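Here is how the chains run, residue by residue.
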Amino acid sequence: MGRTGSGRADVLDVDFLVVGGGLAGLYTALQLADRGRCLVVSKADLDISNSAWAQGGIAVALDAEDDPALHVEDTLRAGRGLSKLSAVRILASEGPDRIHELLDAGVPFDRDAQGRPSLGLEGGHGRRRIVHANGGATGLAVVRALLPKVLGHPRITVWENTRLLVLAAEAGTCRGALVQTPEGPRHVRARATVLATGGAGGLFARTTNPPSTAGDGIALAYLAGAAVADLEFMQFHPTAFAQGKPAFLLSEALRGEGAQLWNLQGERFMARYDAAGELAPRDVVARAITAEMAATGTDHVQLRLDEIGAEARQHFSSLLDGLRARGFDPMEAGIPVAPAAHYLMGGVAVDLDGHSSLGRLYAVGEAACTGVHGANRLASNSLLECLVFGHRVAAAAAEEPPADTLPADLPEPVRQLGPAERQLLGAWLFEDLGILRSHAGFARLRERLTSLPPSLEGVVASLMAAGAERRRESRGSHFRSDYPREDPALAGHLVTVLGGDPRLEFWS
Ligand SMILES: Cc1cc2nc3c(=O)[nH]c(=O)nc-3n(C[C@H](O)[C@H](O)[C@H](O)COP(=O)(O)OP(=O)(O)OC[C@H]3O[C@@H](n4cnc5c(N)ncnc54)[C@H](O)[C@@H]3O)c2cc1C
(Lines give C-alpha, C1' and ligand atoms only; values in the text may rest on other atoms or scores of the structure.)
Protein backbone atom coordinates (compact mmCIF):
# COMPACT_ATOMS: atom_id res chain seq x y z
CA MET A 1 0.00 0.00 0.00
CA GLY A 2 1.30 3.48 -0.85
CA ARG A 3 2.20 5.88 1.93
CA THR A 4 1.55 9.55 2.24
CA GLY A 5 4.08 11.75 3.98
CA SER A 6 2.57 13.43 7.02
CA GLY A 7 4.52 16.67 6.41
CA ARG A 8 4.43 18.23 9.84
CA ALA A 9 3.61 21.87 9.07
CA ASP A 10 -0.13 21.26 9.14
CA VAL A 11 -0.42 19.24 12.37
CA LEU A 12 -3.13 20.30 14.78
CA ASP A 13 -2.48 19.26 18.40
CA VAL A 14 -5.47 18.45 20.60
CA ASP A 15 -6.04 16.30 23.64
CA PHE A 16 -8.96 14.42 22.13
CA LEU A 17 -10.08 13.82 18.57
CA VAL A 18 -13.73 12.76 18.32
CA VAL A 19 -14.80 11.51 14.89
CA GLY A 20 -18.56 11.80 14.40
CA GLY A 21 -21.21 14.35 15.25
CA GLY A 22 -24.12 12.08 16.22
CA LEU A 23 -25.24 11.62 19.81
CA ALA A 24 -22.22 9.45 20.71
CA GLY A 25 -19.77 12.04 19.38
CA LEU A 26 -21.49 15.14 20.75
CA TYR A 27 -22.13 13.70 24.19
CA THR A 28 -18.62 12.21 24.53
CA ALA A 29 -17.06 15.51 23.43
CA LEU A 30 -18.98 17.39 26.09
CA GLN A 31 -17.69 14.98 28.73
CA LEU A 32 -14.13 15.20 27.39
CA ALA A 33 -14.07 18.98 27.21
CA ASP A 34 -13.89 19.16 31.01
CA ARG A 35 -10.60 17.28 30.73
CA GLY A 36 -8.86 18.87 27.73
CA ARG A 37 -9.09 20.40 24.26
CA CYS A 38 -11.32 18.52 21.93
CA LEU A 39 -11.75 18.50 18.14
CA VAL A 40 -14.98 17.04 16.75
CA VAL A 41 -15.03 16.25 13.04
CA SER A 42 -18.11 15.18 11.10
CA LYS A 43 -18.28 14.39 7.42
CA ALA A 44 -21.96 15.37 7.21
CA ASP A 45 -23.86 18.37 8.60
CA LEU A 46 -24.65 17.86 12.27
CA ASP A 47 -28.39 17.54 11.67
CA ILE A 48 -27.86 14.59 9.32
CA SER A 49 -27.10 11.47 11.34
CA ASN A 50 -28.92 8.42 12.60
CA SER A 51 -29.07 10.23 15.95
CA ALA A 52 -30.83 13.28 14.53
CA TRP A 53 -33.25 10.98 12.69
CA ALA A 54 -34.04 8.77 15.72
CA GLN A 55 -37.73 8.69 16.47
CA GLY A 56 -39.23 6.50 19.19
CA GLY A 57 -37.08 7.40 22.17
CA ILE A 58 -34.64 6.15 24.79
CA ALA A 59 -35.21 3.05 26.92
CA VAL A 60 -34.57 3.55 30.63
CA ALA A 61 -35.95 2.09 33.85
CA LEU A 62 -37.37 5.24 35.49
CA ASP A 63 -40.84 4.12 36.52
CA ALA A 64 -41.57 3.09 40.12
CA GLU A 65 -42.87 -0.23 38.72
CA ASP A 66 -39.66 -0.78 36.74
CA ASP A 67 -36.15 -1.85 37.68
CA PRO A 68 -32.83 -1.93 35.76
CA ALA A 69 -32.81 -5.71 36.38
CA LEU A 70 -36.01 -6.01 34.30
CA HIS A 71 -34.46 -3.87 31.56
CA VAL A 72 -31.47 -6.27 31.63
CA GLU A 73 -33.81 -9.28 31.23
CA ASP A 74 -35.58 -7.77 28.22
CA THR A 75 -32.28 -6.79 26.57
CA LEU A 76 -30.83 -10.28 27.05
CA ARG A 77 -33.96 -11.90 25.60
CA ALA A 78 -33.71 -9.79 22.44
CA GLY A 79 -29.96 -10.49 22.13
CA ARG A 80 -30.57 -14.25 21.65
CA GLY A 81 -27.84 -15.49 23.97
CA LEU A 82 -25.12 -13.23 22.60
CA SER A 83 -25.40 -10.07 24.69
CA LYS A 84 -22.47 -9.47 27.01
CA LEU A 85 -24.02 -9.55 30.48
CA SER A 86 -21.59 -7.09 32.10
CA ALA A 87 -22.24 -4.53 29.33
CA VAL A 88 -26.03 -4.96 29.57
CA ARG A 89 -25.93 -4.46 33.34
CA ILE A 90 -23.95 -1.26 32.90
CA LEU A 91 -26.36 -0.01 30.22
CA ALA A 92 -29.44 -0.57 32.37
CA SER A 93 -28.02 0.54 35.72
CA GLU A 94 -26.15 3.68 34.55
CA GLY A 95 -28.95 4.69 32.16
CA PRO A 96 -31.15 6.55 34.67
CA ASP A 97 -28.28 8.89 35.70
CA ARG A 98 -27.54 9.74 32.07
CA ILE A 99 -31.21 10.55 31.38
CA HIS A 100 -31.37 12.77 34.47
CA GLU A 101 -28.34 14.62 33.04
CA LEU A 102 -30.22 15.17 29.78
CA LEU A 103 -33.23 16.44 31.71
CA ASP A 104 -30.92 18.86 33.58
CA ALA A 105 -29.42 19.89 30.23
CA GLY A 106 -32.89 20.95 29.09
CA VAL A 107 -33.83 18.15 26.70
CA PRO A 108 -37.59 18.67 26.22
CA PHE A 109 -38.78 15.13 26.96
CA ASP A 110 -42.58 14.78 26.76
CA ARG A 111 -44.19 14.89 30.23
CA ASP A 112 -47.21 13.24 31.85
CA ALA A 113 -49.92 15.07 33.80
CA GLN A 114 -47.70 15.05 36.92
CA GLY A 115 -44.82 16.65 35.01
CA ARG A 116 -42.69 13.48 34.97
CA PRO A 117 -41.19 12.18 31.70
CA SER A 118 -43.98 10.21 30.06
CA LEU A 119 -42.98 6.62 29.36
CA GLY A 120 -43.94 4.77 26.17
CA LEU A 121 -44.08 1.04 25.47
CA GLU A 122 -42.26 -0.65 22.61
CA GLY A 123 -42.03 -4.24 21.36
CA GLY A 124 -39.77 -6.46 23.50
CA HIS A 125 -40.03 -4.25 26.60
CA GLY A 126 -41.98 -5.70 29.52
CA ARG A 127 -42.54 -2.24 31.05
CA ARG A 128 -43.30 1.29 29.89
CA ARG A 129 -39.77 2.73 29.78
CA ILE A 130 -39.31 4.78 26.60
CA VAL A 131 -38.68 8.48 27.24
CA HIS A 132 -39.41 10.52 24.12
CA ALA A 133 -39.54 14.08 22.87
CA ASN A 134 -41.86 15.82 20.40
CA GLY A 135 -43.78 12.57 19.94
CA GLY A 136 -41.69 10.69 17.41
CA ALA A 137 -38.78 13.11 16.98
CA THR A 138 -36.64 12.27 19.99
CA GLY A 139 -33.26 12.21 18.27
CA LEU A 140 -33.55 15.69 16.84
CA ALA A 141 -34.71 17.09 20.18
CA VAL A 142 -31.69 15.58 21.98
CA VAL A 143 -29.19 16.65 19.31
CA ARG A 144 -30.64 20.18 19.23
CA ALA A 145 -30.36 20.46 23.02
CA LEU A 146 -26.70 19.34 23.03
CA LEU A 147 -25.49 21.17 19.93
CA PRO A 148 -25.39 24.73 21.34
CA LYS A 149 -23.46 23.42 24.35
CA VAL A 150 -20.92 21.74 22.07
CA LEU A 151 -20.63 24.67 19.64
CA GLY A 152 -20.39 27.21 22.46
CA HIS A 153 -17.85 25.30 24.55
CA PRO A 154 -14.51 27.12 24.71
CA ARG A 155 -12.55 23.86 24.64
CA ILE A 156 -14.41 22.20 21.75
CA THR A 157 -13.70 22.94 18.08
CA VAL A 158 -16.11 21.48 15.52
CA TRP A 159 -15.22 20.87 11.87
CA GLU A 160 -18.23 19.92 9.77
CA ASN A 161 -17.87 18.47 6.27
CA THR A 162 -14.57 17.01 7.43
CA ARG A 163 -13.93 13.33 6.80
CA LEU A 164 -11.65 10.89 8.59
CA LEU A 165 -9.30 9.51 5.91
CA VAL A 166 -6.70 7.48 7.81
CA LEU A 167 -6.03 6.60 11.44
CA ALA A 168 -2.41 7.37 12.33
CA ALA A 169 -1.46 4.08 13.97
CA GLU A 170 2.01 2.73 14.66
CA ALA A 171 3.29 -0.04 16.92
CA GLY A 172 -0.23 -0.93 18.08
CA THR A 173 -1.14 2.62 19.09
CA CYS A 174 -3.28 5.28 17.43
CA ARG A 175 -1.67 8.71 17.64
CA GLY A 176 -4.24 10.75 15.76
CA ALA A 177 -5.51 10.89 12.21
CA LEU A 178 -5.44 12.42 8.76
CA VAL A 179 -8.71 14.19 7.96
CA GLN A 180 -10.02 15.84 4.81
CA THR A 181 -11.34 19.35 5.54
CA PRO A 182 -13.06 21.55 2.93
CA GLU A 183 -9.73 23.44 2.71
CA GLY A 184 -7.58 20.33 2.27
CA PRO A 185 -6.06 17.47 4.30
CA ARG A 186 -5.00 18.08 7.93
CA HIS A 187 -3.07 15.91 10.36
CA VAL A 188 -4.39 15.80 13.91
CA ARG A 189 -2.32 14.58 16.85
CA ALA A 190 -4.27 13.50 19.93
CA ARG A 191 -3.86 11.77 23.29
CA ALA A 192 -6.93 9.73 22.43
CA THR A 193 -8.99 9.26 19.28
CA VAL A 194 -12.67 8.37 19.68
CA LEU A 195 -14.55 6.81 16.77
CA ALA A 196 -18.23 7.77 16.91
CA THR A 197 -18.85 7.28 13.21
CA GLY A 198 -22.07 5.25 13.44
CA GLY A 199 -23.06 2.00 11.73
CA ALA A 200 -23.25 0.88 8.10
CA GLY A 201 -26.97 0.59 7.30
CA GLY A 202 -26.71 3.39 4.72
CA LEU A 203 -24.80 1.04 2.41
CA PHE A 204 -27.92 -1.05 1.72
CA ALA A 205 -30.29 -0.10 -1.12
CA ARG A 206 -33.29 -0.03 1.19
CA THR A 207 -32.35 1.68 4.43
CA THR A 208 -33.65 4.03 7.10
CA ASN A 209 -30.14 5.53 7.49
CA PRO A 210 -28.66 8.56 5.74
CA PRO A 211 -26.05 7.75 3.03
CA SER A 212 -23.32 9.06 5.38
CA THR A 213 -23.85 6.00 7.62
CA ALA A 214 -21.43 3.88 5.61
CA GLY A 215 -19.21 2.06 8.11
CA ASP A 216 -16.16 4.35 7.53
CA GLY A 217 -14.94 4.19 11.13
CA ILE A 218 -15.25 0.41 11.25
CA ALA A 219 -13.32 -0.04 7.99
CA LEU A 220 -10.61 2.47 8.99
CA ALA A 221 -10.16 0.93 12.44
CA TYR A 222 -9.87 -2.52 10.87
CA LEU A 223 -7.33 -1.27 8.31
CA ALA A 224 -5.34 0.31 11.16
CA GLY A 225 -5.19 -3.07 12.93
CA ALA A 226 -8.09 -2.90 15.42
CA ALA A 227 -10.34 -5.93 15.94
CA VAL A 228 -13.95 -5.70 14.72
CA ALA A 229 -16.80 -7.99 15.79
CA ASP A 230 -20.38 -9.17 15.16
CA LEU A 231 -20.60 -7.56 11.72
CA GLU A 232 -22.97 -10.25 10.45
CA PHE A 233 -25.72 -8.77 12.61
CA MET A 234 -27.57 -6.07 10.66
CA GLN A 235 -31.02 -5.35 12.03
CA PHE A 236 -33.75 -4.77 9.42
CA HIS A 237 -36.61 -2.59 10.58
CA PRO A 238 -39.88 -4.17 9.47
CA THR A 239 -41.92 -1.06 8.80
CA ALA A 240 -40.25 1.60 6.68
CA PHE A 241 -42.33 3.65 4.21
CA ALA A 242 -42.10 1.81 0.87
CA GLN A 243 -41.79 4.97 -1.23
CA GLY A 244 -38.70 7.21 -1.44
CA LYS A 245 -35.06 7.01 -0.32
CA PRO A 246 -33.81 6.79 2.36
CA ALA A 247 -36.88 4.94 3.63
CA PHE A 248 -38.85 6.99 6.18
CA LEU A 249 -39.17 4.94 9.36
CA LEU A 250 -42.56 4.19 10.86
CA SER A 251 -41.67 3.60 14.47
CA GLU A 252 -42.45 0.42 16.37
CA ALA A 253 -44.38 2.61 18.78
CA LEU A 254 -47.19 2.81 16.18
CA ARG A 255 -47.68 -0.96 16.45
CA GLY A 256 -47.34 -0.59 20.23
CA GLU A 257 -50.42 1.64 20.13
CA GLY A 258 -52.47 -0.64 17.85
CA ALA A 259 -51.33 -0.20 14.22
CA GLN A 260 -51.95 -3.39 12.22
CA LEU A 261 -50.18 -5.13 9.34
CA TRP A 262 -52.28 -6.31 6.37
CA ASN A 263 -51.19 -7.98 3.13
CA LEU A 264 -52.43 -6.81 -0.24
CA GLN A 265 -54.99 -9.63 -0.31
CA GLY A 266 -56.76 -7.99 2.60
CA GLU A 267 -55.53 -10.33 5.35
CA ARG A 268 -54.15 -9.29 8.74
CA PHE A 269 -51.35 -11.85 8.68
CA MET A 270 -49.02 -11.51 11.71
CA ALA A 271 -50.98 -13.97 13.90
CA ARG A 272 -49.95 -16.74 11.45
CA TYR A 273 -46.27 -16.06 12.26
CA ASP A 274 -46.12 -15.28 15.98
CA ALA A 275 -48.46 -15.30 18.98
CA ALA A 276 -47.39 -11.72 19.76
CA GLY A 277 -48.79 -10.63 16.37
CA GLU A 278 -47.63 -7.15 15.35
CA LEU A 279 -45.57 -6.89 18.56
CA ALA A 280 -43.34 -9.87 17.75
CA PRO A 281 -39.55 -9.15 17.67
CA ARG A 282 -38.31 -7.03 14.75
CA ASP A 283 -36.60 -9.91 12.96
CA VAL A 284 -39.76 -12.06 13.09
CA VAL A 285 -41.95 -9.24 11.72
CA ALA A 286 -39.39 -8.37 9.01
CA ARG A 287 -39.26 -12.00 7.81
CA ALA A 288 -43.06 -12.30 7.93
CA ILE A 289 -43.45 -9.18 5.77
CA THR A 290 -40.80 -10.48 3.35
CA ALA A 291 -42.68 -13.80 3.05
CA GLU A 292 -46.00 -12.01 2.48
CA MET A 293 -44.49 -9.78 -0.20
CA ALA A 294 -43.06 -12.87 -1.95
CA ALA A 295 -46.37 -14.75 -1.70
CA THR A 296 -48.39 -11.86 -3.12
CA GLY A 297 -45.75 -10.79 -5.65
CA THR A 298 -45.64 -7.23 -4.30
CA ASP A 299 -42.99 -4.94 -2.82
CA HIS A 300 -44.91 -3.87 0.27
CA VAL A 301 -47.63 -4.65 2.79
CA GLN A 302 -49.89 -2.14 4.54
CA LEU A 303 -49.66 -0.59 7.97
CA ARG A 304 -53.15 0.50 9.03
CA LEU A 305 -53.70 3.10 11.72
CA ASP A 306 -57.51 2.73 12.00
CA GLU A 307 -57.37 1.28 15.52
CA ILE A 308 -55.16 4.04 16.93
CA GLY A 309 -57.25 6.48 18.94
CA ALA A 310 -57.27 10.23 18.30
CA GLU A 311 -55.20 11.00 21.42
CA ALA A 312 -52.47 8.49 20.48
CA ARG A 313 -52.44 9.84 16.91
CA GLN A 314 -51.69 13.24 18.36
CA HIS A 315 -48.58 11.72 19.93
CA PHE A 316 -47.43 10.59 16.48
CA SER A 317 -48.04 13.92 14.78
CA SER A 318 -44.39 14.28 13.66
CA LEU A 319 -44.53 10.85 11.97
CA LEU A 320 -47.81 11.63 10.27
CA ASP A 321 -46.46 15.00 9.16
CA GLY A 322 -43.39 13.19 7.80
CA LEU A 323 -45.65 11.06 5.59
CA ARG A 324 -47.64 14.08 4.43
CA ALA A 325 -44.38 15.83 3.55
CA ARG A 326 -43.69 12.81 1.31
CA GLY A 327 -47.03 13.27 -0.44
CA PHE A 328 -48.97 10.55 1.40
CA ASP A 329 -52.05 11.04 3.58
CA PRO A 330 -51.94 8.31 6.25
CA MET A 331 -55.60 8.86 7.19
CA GLU A 332 -56.82 8.02 3.70
CA ALA A 333 -55.38 4.55 3.24
CA GLY A 334 -53.08 1.85 4.63
CA ILE A 335 -49.46 3.00 4.56
CA PRO A 336 -47.26 0.95 2.17
CA VAL A 337 -44.36 -0.42 4.24
CA ALA A 338 -41.46 -2.84 3.67
CA PRO A 339 -38.36 -3.79 5.70
CA ALA A 340 -35.17 -1.73 5.44
CA ALA A 341 -31.62 -2.00 6.84
CA HIS A 342 -31.63 -0.10 10.11
CA TYR A 343 -29.03 -0.83 12.79
CA LEU A 344 -25.65 -2.58 12.95
CA MET A 345 -25.13 -4.57 16.14
CA GLY A 346 -21.45 -5.17 15.38
CA GLY A 347 -18.59 -2.70 15.08
CA VAL A 348 -15.14 -1.98 16.47
CA ALA A 349 -14.62 -4.50 19.29
CA VAL A 350 -14.32 -2.61 22.59
CA ASP A 351 -14.25 -3.31 26.30
CA LEU A 352 -16.59 -1.78 28.88
CA ASP A 353 -14.71 1.56 28.74
CA GLY A 354 -14.62 1.74 24.96
CA HIS A 355 -10.93 0.73 24.52
CA SER A 356 -10.40 -0.92 21.15
CA SER A 357 -7.60 -3.42 20.65
CA LEU A 358 -5.35 -0.50 19.51
CA GLY A 359 -3.83 1.72 22.17
CA ARG A 360 -5.39 5.22 22.47
CA LEU A 361 -8.20 4.28 20.02
CA TYR A 362 -11.75 4.22 21.42
CA ALA A 363 -15.11 3.55 19.82
CA VAL A 364 -18.57 4.44 21.04
CA GLY A 365 -22.18 4.34 19.84
CA GLU A 366 -23.20 2.37 16.78
CA ALA A 367 -19.60 2.23 15.50
CA ALA A 368 -18.64 0.17 18.55
CA CYS A 369 -19.35 -3.41 19.51
CA THR A 370 -19.55 -3.65 23.29
CA GLY A 371 -21.59 -6.84 22.86
CA VAL A 372 -24.52 -5.15 24.58
CA HIS A 373 -27.02 -5.83 21.77
CA GLY A 374 -25.99 -9.43 21.07
CA ALA A 375 -27.67 -10.75 17.92
CA ASN A 376 -30.57 -8.30 17.99
CA ARG A 377 -30.86 -4.83 19.51
CA LEU A 378 -33.82 -4.15 21.73
CA ALA A 379 -35.72 -1.09 20.48
CA SER A 380 -34.53 2.26 21.95
CA ASN A 381 -31.40 0.82 23.57
CA SER A 382 -28.99 2.47 21.13
CA LEU A 383 -29.39 6.13 22.05
CA LEU A 384 -28.93 5.00 25.65
CA GLU A 385 -25.77 3.15 24.65
CA CYS A 386 -24.34 6.38 23.17
CA LEU A 387 -24.82 8.13 26.52
CA VAL A 388 -23.82 5.39 28.95
CA PHE A 389 -20.71 4.29 27.09
CA GLY A 390 -19.87 7.85 25.99
CA HIS A 391 -19.62 8.74 29.67
CA ARG A 392 -17.30 5.79 30.33
CA VAL A 393 -15.16 6.42 27.24
CA ALA A 394 -14.56 10.02 28.34
CA ALA A 395 -13.45 8.92 31.80
CA ALA A 396 -11.05 6.33 30.33
CA ALA A 397 -9.66 8.57 27.56
CA ALA A 398 -8.87 11.29 30.10
CA GLU A 399 -6.35 8.90 31.68
CA GLU A 400 -4.22 8.70 28.52
CA PRO A 401 -0.70 10.20 28.81
CA PRO A 402 0.46 13.11 26.58
CA ALA A 403 0.28 12.47 22.84
CA ASP A 404 2.98 10.59 20.89
CA THR A 405 4.46 12.08 17.74
CA LEU A 406 2.63 11.10 14.57
CA PRO A 407 4.14 8.30 12.45
CA ALA A 408 6.61 9.53 9.82
CA ASP A 409 4.30 8.47 7.02
CA LEU A 410 0.78 7.14 6.73
CA PRO A 411 -0.98 4.71 4.39
CA GLU A 412 -2.55 6.22 1.28
CA PRO A 413 -6.28 6.87 1.97
CA VAL A 414 -8.55 4.15 0.58
CA ARG A 415 -10.94 5.59 -1.99
CA GLN A 416 -14.71 5.73 -1.60
CA LEU A 417 -17.13 4.52 -4.24
CA GLY A 418 -18.72 6.88 -6.75
CA PRO A 419 -22.54 7.22 -6.78
CA ALA A 420 -23.15 4.60 -9.51
CA GLU A 421 -20.86 2.03 -7.84
CA ARG A 422 -22.45 2.74 -4.48
CA GLN A 423 -25.93 2.14 -5.95
CA LEU A 424 -24.79 -1.21 -7.33
CA LEU A 425 -23.28 -2.23 -4.02
CA GLY A 426 -26.48 -1.25 -2.19
CA ALA A 427 -28.62 -3.47 -4.42
CA TRP A 428 -26.19 -6.41 -4.05
CA LEU A 429 -26.08 -6.07 -0.27
CA PHE A 430 -29.87 -6.01 0.01
CA GLU A 431 -30.13 -9.05 -2.25
CA ASP A 432 -27.25 -11.20 -0.98
CA LEU A 433 -26.81 -10.04 2.63
CA GLY A 434 -30.40 -9.04 3.37
CA ILE A 435 -33.18 -10.50 5.49
CA LEU A 436 -32.98 -14.06 4.07
CA ARG A 437 -29.41 -15.24 3.65
CA SER A 438 -27.65 -18.35 2.35
CA HIS A 439 -24.28 -19.58 1.13
CA ALA A 440 -25.36 -19.04 -2.49
CA GLY A 441 -25.96 -15.34 -1.80
CA PHE A 442 -22.60 -14.90 -0.03
CA ALA A 443 -20.78 -16.60 -2.93
CA ARG A 444 -22.53 -14.33 -5.45
CA LEU A 445 -21.72 -11.24 -3.36
CA ARG A 446 -18.04 -12.21 -3.15
CA GLU A 447 -17.96 -12.58 -6.92
CA ARG A 448 -19.81 -9.31 -7.48
CA LEU A 449 -17.46 -7.40 -5.16
CA THR A 450 -14.47 -8.37 -7.31
CA SER A 451 -15.91 -6.21 -10.12
CA LEU A 452 -15.61 -3.03 -8.01
CA PRO A 453 -12.33 -1.20 -7.35
CA PRO A 454 -10.96 -1.47 -3.77
CA SER A 455 -12.91 0.89 -1.51
CA LEU A 456 -13.82 1.55 2.13
CA GLU A 457 -17.38 0.44 1.40
CA GLY A 458 -16.02 -2.78 -0.11
CA VAL A 459 -14.01 -3.44 3.07
CA VAL A 460 -17.17 -3.12 5.20
CA ALA A 461 -19.21 -5.30 2.82
CA SER A 462 -16.54 -8.01 2.81
CA LEU A 463 -16.30 -8.01 6.60
CA MET A 464 -20.09 -8.30 6.98
CA ALA A 465 -20.21 -11.09 4.40
CA ALA A 466 -17.32 -13.00 5.98
CA GLY A 467 -19.09 -13.00 9.36
CA ALA A 468 -22.39 -14.04 7.81
CA GLU A 469 -20.71 -16.89 5.90
CA ARG A 470 -18.85 -18.11 8.99
CA ARG A 471 -21.97 -18.07 11.21
CA ARG A 472 -23.63 -21.26 10.00
CA GLU A 473 -26.83 -20.84 12.00
CA SER A 474 -29.77 -18.45 12.36
CA ARG A 475 -29.75 -16.18 15.39
CA GLY A 476 -31.49 -12.86 15.99
CA SER A 477 -31.25 -10.62 12.94
CA HIS A 478 -29.04 -13.12 11.05
CA PHE A 479 -31.32 -15.62 9.29
CA ARG A 480 -29.93 -18.27 6.94
CA SER A 481 -32.33 -20.38 4.90
CA ASP A 482 -29.59 -23.07 4.67
CA TYR A 483 -29.07 -23.10 8.48
CA PRO A 484 -32.49 -22.09 9.85
CA ARG A 485 -31.83 -23.00 13.52
CA GLU A 486 -29.66 -21.64 16.34
CA ASP A 487 -26.51 -23.66 17.02
CA PRO A 488 -25.53 -23.56 20.73
CA ALA A 489 -21.87 -24.09 19.75
CA LEU A 490 -21.94 -20.68 18.01
CA ALA A 491 -23.17 -18.66 21.01
CA GLY A 492 -20.13 -16.39 20.79
CA HIS A 493 -18.85 -13.32 18.94
CA LEU A 494 -17.06 -13.47 15.61
CA VAL A 495 -14.00 -11.24 15.94
CA THR A 496 -11.87 -10.30 12.90
CA VAL A 497 -8.44 -8.69 12.66
CA LEU A 498 -6.66 -7.55 9.49
CA GLY A 499 -5.66 -10.49 7.34
CA GLY A 500 -7.52 -13.04 9.48
CA ASP A 501 -10.77 -14.98 9.23
CA PRO A 502 -13.59 -14.38 11.74
CA ARG A 503 -12.64 -16.11 15.03
CA LEU A 504 -15.27 -17.21 17.56
CA GLU A 505 -14.75 -15.68 21.03
CA PHE A 506 -16.95 -16.08 24.09
CA TRP A 507 -17.44 -12.83 26.05
CA SER A 508 -19.05 -12.78 29.50
C1 LIG B 1 -34.70 6.52 11.39
C2 LIG B 1 -34.05 6.00 12.64
C3 LIG B 1 -34.75 5.96 13.83
C4 LIG B 1 -34.14 5.50 15.00
N5 LIG B 1 -34.84 5.54 16.18
C6 LIG B 1 -34.21 5.21 17.32
C7 LIG B 1 -34.86 5.35 18.58
O8 LIG B 1 -35.99 5.80 18.65
N9 LIG B 1 -34.18 4.99 19.71
C10 LIG B 1 -32.91 4.49 19.68
O11 LIG B 1 -32.33 4.18 20.72
N12 LIG B 1 -32.27 4.36 18.49
C13 LIG B 1 -32.87 4.71 17.33
N14 LIG B 1 -32.21 4.58 16.15
C15 LIG B 1 -30.80 4.16 16.17
C16 LIG B 1 -29.95 5.31 16.68
O17 LIG B 1 -30.41 6.50 16.11
C18 LIG B 1 -28.48 5.13 16.34
O19 LIG B 1 -28.03 3.87 16.67
C20 LIG B 1 -27.62 6.15 17.10
O21 LIG B 1 -28.16 7.42 16.90
C22 LIG B 1 -26.19 6.08 16.65
O23 LIG B 1 -25.54 7.24 17.12
P24 LIG B 1 -24.02 7.46 16.79
O25 LIG B 1 -23.66 8.78 17.37
O26 LIG B 1 -23.25 6.28 17.17
O27 LIG B 1 -23.97 7.54 15.18
P28 LIG B 1 -24.68 8.54 14.17
O29 LIG B 1 -25.78 9.28 14.80
O30 LIG B 1 -24.97 7.74 12.96
O31 LIG B 1 -23.54 9.60 13.85
C32 LIG B 1 -22.39 9.24 13.12
C33 LIG B 1 -21.59 10.49 12.83
O34 LIG B 1 -20.34 10.12 12.27
C35 LIG B 1 -20.07 10.93 11.13
N36 LIG B 1 -19.15 10.20 10.26
C37 LIG B 1 -19.32 8.99 9.67
N38 LIG B 1 -18.22 8.66 8.96
C39 LIG B 1 -17.33 9.68 9.12
C40 LIG B 1 -16.03 9.95 8.64
N41 LIG B 1 -15.36 9.13 7.80
N42 LIG B 1 -15.43 11.11 9.01
C43 LIG B 1 -16.07 12.01 9.82
N44 LIG B 1 -17.30 11.81 10.30
C45 LIG B 1 -17.91 10.65 9.96
C46 LIG B 1 -21.44 11.20 10.53
O47 LIG B 1 -21.43 12.31 9.67
C48 LIG B 1 -22.24 11.44 11.82
O49 LIG B 1 -22.04 12.75 12.27
C50 LIG B 1 -32.81 5.04 14.96
C51 LIG B 1 -32.09 5.06 13.77
C52 LIG B 1 -32.70 5.55 12.62
C53 LIG B 1 -31.91 5.59 11.35
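Source: prediction; values computed, not measured. (Residues numbered from 1 in each chain as written. Predicted model: local features only at pLDDT ≥ 70, side-chain atom pairs only at ≥ 80, totals over all residues. Heavy atoms only, no water.)

To continue, consider the site of the ligand. In the vicinity of the ligand there are 38 residues, among which S51, G57, D216, E366 and S382 approach most closely. Residue S42 places a side-chain N or O atom 3.1 Å away from an oxygen atom belonging to the ligand. Interatomic distance of 2.7 Å between a side-chain N/O atom of D216 and a nitrogen atom of the ligand. Elements with a contribution of two residues or more to the shell around the ligand: α1 (23-33), α2 (50-53), β8 (163-170), β15 (335-344) and α11 (382-397). Here the residues of the shell around the ligand sort into 13 nonpolar, 20 polar and five charged. (Near = heavy atom within 4 Å. Polar contact = N/O pair within 3.5 Å; in protein donor to acceptor, adjacent residues only side chain to side chain. Helix = DSSP H or I, 4+ residues; strand = E, 2+ residues; numbered from the N terminus. Nonpolar A, V, L, I, M, F, W, Y, C, P; charged D, E, K, R; others polar.)

The next thing to look at is unusual backbone geometry. The peptide bond linking K245 to P246 adopts the cis configuration, its omega dihedral lying at -15 degrees. With respect to the helices and strands, P246 occurs in the loop between β12 (234-241) and α7 (252-256). Unusually for a residue other than glycine, N161 sits at a positive phi of about 50 degrees. Take N161: it is sitting in the loop between β7 (156-159) and β8. The phi angle at R360 is positive, at roughly 65 degrees, despite the residue not being glycine. Structurally, the position occupied by R360 is in the loop between β16 (347-349) and β17 (361-363).

Before going further, it helps to examine the sheet that holds strand β5 (residues 119-120). Judged by pairing direction, the sheet is antiparallel, and its three strands sit side by side in the order β4-β6-β5 without closing on themselves. Only two strands of the sheet have a single neighbouring strand rather than two, namely β4 (58-59) and β5. Pairing of β4 with strand β6 (residues 130-131), which is carried by two bridges, proceeds in the antiparallel orientation. Of the residues in β6, the one forming a bridge with A59 is I130. (Pairing = 2+ DSSP bridges.)

What follows covers the pattern of salt bridges. Under the criterion given, the structure shown has 35 salt bridges. Notably, a salt bridge pairs K43 with D216, separated by 2.9 Å at the nearest N-O pair. In this pair, K43 is assigned in the loop between β3 (38-41) and α2 and D216 in helix α6 (residues 216-223), connecting sequence segments 173 residues apart. Its relative accessible area of 30% is what places K43 among the partly exposed residues. (Salt bridge = Lys/Arg side-chain N within 4 Å of Asp/Glu carboxyl O. Buried < 20%, exposed > 50% of the residue type's maximum accessible area, 1.4 Å probe, protein only.)

Note that every value here comes from positions in space, so none of it alone points to a role or purpose.
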